[in-house]
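Listed below, chain by chain, are the residues.
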Amino acid sequence: MPYRLEQSLLEKLLKARHVMVLTGAGMSAESGIPTFRDAQTGMWAQYRPEDLATPQAFEQHPARVWNWYEDRRKMVRDAEPHAGHLALVRMAAILGSVRIVTQNVDGLHQLAGSKRVVELHGNINRSKCSVSHRPISREWLQDSDEQPPPSPYVKHGKARPDVVWFGEVLPQEALDEAMAAASHCDFCFSVGTTSLVQPAAGLPLLALQNGAALVEINPVGTPLSMHASQCIRGPASGALSSIADQLTGLLNA
Ligand code: BV8
């Protein structure tokens, strides 16, 4: 197992009462979903995601933003959870309580069987009214050939993805749950994130302030790395699978 958790941290993990796992786009990379900062391809190569994932972009170019999400939805529909997602399900069965807080909008943790997943940035598979923020059904969307479809609720309203754009506040309930998880955990993993996007990036630091052990899983370093008890420089699938195997081994020892 190339990506081993240090023995002292493994024992601490097994004894942990509450574990928080913050995941970012790198967690979905091995399911075939490009990360947020991967170079975009095709017609999207000319745009930066940060410039498309904003209310201003949707206001000025609704069809462009809508179609960018439609293309990403197709990728998500074809994506399957990988061994790392499944390892988190295995770990949750072994450990006291594991709370996954994800920045991702693809729903892969839930598809893998993880429970009580906190979606900080919404979910690309859901749509809502751009004015009232009320949910819009897939049936309504399919019945319209406009891009984006009109809102069923408000005149001049449009359908938009139910995700949090840059400059938008996060869903209060999700943020409260994430802050509570970070404040009460005694072990925190940060997996597959550049640790740049706020307020998500602050959650592992909050966990540290409460005395939690912090382990980062990322092939490359991030601003969080210097604060981590251990940095596992590897992919989410291999590292999380190794850790789940180590836990199982320790349990059966
Ligand atoms: C807000 C949904 C209040 C849309 C996304 C301080 C406090 C508060 C706000 C700010 C602040 N400073 C700046 C801000 C504003 C802004 C922000 O953080 N800007 C950044 C760029 C500096 N934050 C906001 O606007 C947030 N709103 O705080 O509201 C407010 C309001 C107005 C003004 C002020 C405050 C809202 C942020 C949410 C934006 N929406 N997603 C969509 O998906 O289309 S964020 C987007 O970036 C994705 O969710 C993504 O998950 C997220 C973070 O990126 P990463 O997950 O880190 O992904 P990335 O591609 O960057 O990196 C991938 C990583 O994986 C890399 O490290 C790579 O090495 C690694 N990797 C690759 N392969 C693997 C791997 N790791 C493991 N295994 C592998 N195989």
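Everything in this summary refers to the structure shown in the same document.

**Considerations on the side chain of asparagine 218**
Argument step 1. The topology assignment puts asparagine 218 in the loop between β8 (213-217) and β9 (230-232).
Argument step 2. On the basis of relative accessible area, asparagine 218 is assigned to the buried category, the value being 8%.
Argument step 3. Contact partners of asparagine 218, with chain neighbours within four places excluded, come to Gly192, Thr193, Ile232, Arg233 and Gly234.

**Looking at the site of the ligand**
Argument step 1. Near the ligand there are 35 residues, and of these Arg37, Tyr69, Arg72, Gly167 and Thr194 occur at the shortest range.
Argument step 2. A distance of 2.6 Å is found between an oxygen atom of the ligand and a side-chain nitrogen or oxygen belonging to tyrosine 69.
Argument step 3. One of the side-chain N or O atoms of arginine 72 is found 2.7 Å from an oxygen atom in the ligand.
Argument step 4. In isolation the ligand exposes 1,400 Å². Once the protein is present, 74% of that is buried.
Argument step 5. Taken together, the residues of the shell around the ligand sort by class into 19 nonpolar, 12 polar and four charged.

**Things to note about helix α11 (residues 236-252)**
Argument step 1. Taking 1.5 Å per residue, 17 residues should reach 24 Å; α11 reaches 24 Å between its end C-alpha atoms and fits that length.
Argument step 2. Within α11, burial applies to Ala236, Ser237, Ala239, Leu240, Ser241, Ser242, Ile243, Ala244, Gln246 and Leu247.
Argument step 3. Looking at the buried residues of α11, the elements they touch are α1 (7-15), α2 (26-29), α6 (83-94), β7 (187-191), β8 and β9.

Cut-offs used in this document
- Residues numbered from 1 in each chain as written.
- Predicted model: local features only at pLDDT ≥ 70, side-chain atom pairs only at ≥ 80, totals over all residues.
- Heavy atoms only, no water.
- Helix = DSSP H or I, 4+ residues; strand = E, 2+ residues; numbered from the N terminus.
- Buried < 20%, exposed > 50% of the residue type's maximum accessible area, 1.4 Å probe, protein only.
- Contact = heavy atoms within 4.5 Å.
- Near = heavy atom within 4 Å.
- Polar contact = N/O pair within 3.5 Å; in protein donor to acceptor, adjacent residues only side chain to side chain.
- Areas by Shrake-Rupley, 256 points an atom, 1.4 Å probe, with all protein chains shown as cover.
- Nonpolar A, V, L, I, M, F, W, Y, C, P; charged D, E, K, R; others polar.
- Expected span 1.5 Å × (residues − 1).

That's the geometry; what it means functionally is another story.
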